[in-house]
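# Examination of the molecular architecture
If you want the building blocks of each chain, they are given just below.
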Amino acid sequence: MVIDLLNSHASVRSYTDELLSKETVRELVSAGQHAASSHFVQAYSVVHATDEAVRAKLGEYSKNPHQFNGAGAALVFCADFHRLQAAAALHERSIDFSHAEAMLVGTIDVALFAQNIAIAAESKGYGICYIGGVRNNPAEISELLKLPEGVVPLFGMTIGVPAKVNEVKPRLPLDAVLHENMYDASNYDEVLREYDATMAAYYETRSSNQKLAGWTEQMADFLESPQRPYMKEFLREQGFKFD
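The text that follows walks through the structure, step by step, so that each part is easy to find. Predicted, not measured: the structure shown is a model, and the values here were computed from it.

Turning to the side chain of Arg55, a few remarks are in order. Mapped onto the elements, Arg55 comes out in helix 3 (residues 52-62). A polar contact of 3.3 Å, which involves the side chain of Arg55, links it to the backbone oxygen of Ala49. When residues no more than four places from it in sequence are discounted, the contact partners of Arg55 are Leu19, Ala49, Phe68, Asn69, Ala71, Gly72, Ala73 and Ala74.

Following the criterion strictly, the structure yields zero disulfides and no others. For Cys78, which is in no disulfide, the shortest distance to another cysteine sulfur is to Cys129 and amounts to 18 Å. Given the relative accessible area of 1%, Cys78 is considered buried. With a relative accessible area of 4%, Cys129 lands in the buried category.

Turning next to the sheet that holds strand 3 (residues 127-131). Across the sheet, four strands lie side by side as 1-2-4-3; this open sheet has antiparallel pairing. The open sheet has two free edges, formed respectively by strand 1 (44-48) and strand 3, since each of these has just one partner strand. The average angle at which neighbouring strand axes cross in this sheet is 25°, direction not considered. Examined bridge by bridge, strand 1 and strand 2 (residues 73-80) share five bridges and lie antiparallel to one another. Directly across from His48, in strand 2, lies its bridge partner Leu75.

Judged by how many residues are buried, strand 2 sits mostly within the fold: eight of eight residues are covered. Of the two faces of strand 2, the one holding Ala73, Leu75, Phe77 and Ala79 and the one holding Ala74, Val76, Cys78 and Asp80 are both buried throughout. As paired elements, strand 2 and strand 4 (residues 151-160) share eight bridges and run antiparallel to each other. Among the inter-strand pairings, Ala74 is bridged to a residue of strand 4, identified as Thr158.

Turning our eyes to something else, we now look at the nonpolar core. Core analysis: the biggest nonpolar cluster contains 32 residues, and Phe77, Ile117, Met157 and Ile159 have the highest contact counts within it. Broken down by secondary-structure element, the contributors of at least two residues to this core are helix 2 (22-32), strand 2, helix 6 (100-123), strand 4 and helix 11 (231-237). Top contributing element to this core by residue count: helix 6, with nine residues. What Ile159 contacts, discounting residues up to four positions off in sequence, is Tyr15, Leu20, Leu28, Ala71, Gly72, Ala73, Leu75, Ile117, Ala121, Tyr126, Gly127 and Ile128. Core analysis: the second largest hydrophobic core is formed by 17 residues, Ala74, Cys78, Val134 and Val151 among them.

Before going further, it helps to spend a moment on the pattern of salt bridges. Throughout the structure, instances matching the rule amount to three salt bridges. The residue Glu27 makes a salt bridge to Lys124 at a minimum N-O spacing of 3.4 Å. Here Glu27 is found in helix 2, whereas its partner Lys124 is found in the loop between helix 6 and strand 3, with 97 residues between them in sequence. In this structure, the salt-bridge partner of Arg83 is Asp80, at a minimum N-O distance of 3.2 Å. On the basis of relative accessible area, Asp80 is assigned to the buried category, the value being 6%.

Cut-off values and rules
- Residue positions within a chain follow its written sequence, with the count starting from 1.
- Only residues with pLDDT of at least 70 are given local features in this predicted model, and only at 80 or more are side-chain atom pairs given and counted; all residues enter the totals for whole chains, interfaces and linings.
- To get the side-chain values, take all heavy atoms of the structure and skip hydrogens and water.
- Runs of H or I in DSSP of at least four residues are treated as helices and runs of E of at least two as strands, each being numbered from the N terminus.
- Any pair of nitrogen or oxygen atoms within 3.5 Å is treated as a polar contact; in protein, a donor-acceptor pairing is required on top of that, and neighbouring residues in sequence qualify only through side-chain atoms on both sides.
- Two residues form a contact once any of their heavy atoms are found within 4.5 Å.
- Cysteine sulfur atoms that come within 2.5 Å of each other are treated as a disulfide pair.
- The cut-offs for exposure are 20% and 50% of the maximum accessible area for each residue type, with area from a 1.4 Å probe on protein chains only; residues under the lower value are buried, those over the upper are exposed, and the others partly exposed.
- For two strands to pair, DSSP has to find at least two bridges joining them.
- Axis geometry follows a simple rule: fit a line to the C-alpha atoms, using only the stretch in contact for helices, then measure angles between N-to-C directions, giving values from 0 to 180 degrees.
- We define the nonpolar core as a collection of buried residues of types Ala, Val, Leu, Ile, Met, Phe, Trp, Tyr and Cys that are connected through side-chain atoms lying within 4.5 Å of one another.
- In what follows, salt bridge is the name for a side-chain nitrogen of Lys or Arg lying within 4 Å of a carboxyl oxygen of Asp or Glu.

Now the structure itself:
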């Protein structure tokens, strides 16, 4: 069942040396295109890195060489308003994508598109891993991939035959994320402490990368300081000025 497939997801970080054919990648991307899209703008593009030198640079810039160099396929997902500008130009018109709503539309479109691809890949027995490290050096990656104004690399994805299947990581309790009629934070202290205990047990017993800190402490460590503050200026340079 599809629900069983969804519930079995775990990121795959080690693959066999089997490459995905271009035909298989096209099949997965085609499935991705059938995701929902805000106002049907389809504000996404994906770059399939098949050249070894390009992969190596993506690995270097994303600070994730093991993933980009070792996967069966390496993809970079982009919010894309350049194609929409070209569509408007056919009617001697132009579009304004400088505002925050446009960036939100593009980001959501890309995420839905990519998740469809992930599910399609897993349905065929492949493993996947999202690579947010693409945003470690977005300007360098944009230059490498020749991304024009209006196109922003948001994240990567590697796909391949798993060499190792990781345990499924426990998610937040449903009562922490599902609200009825109105937002209710009254149970957070209780459910978050319970979740810390669940995650501590998971980290203690999983087969690799064991940790001692609970989820709440990890989130405090990760989010108490701004992440990638240079992204605002990079987005402005790509035409998303938020004026």
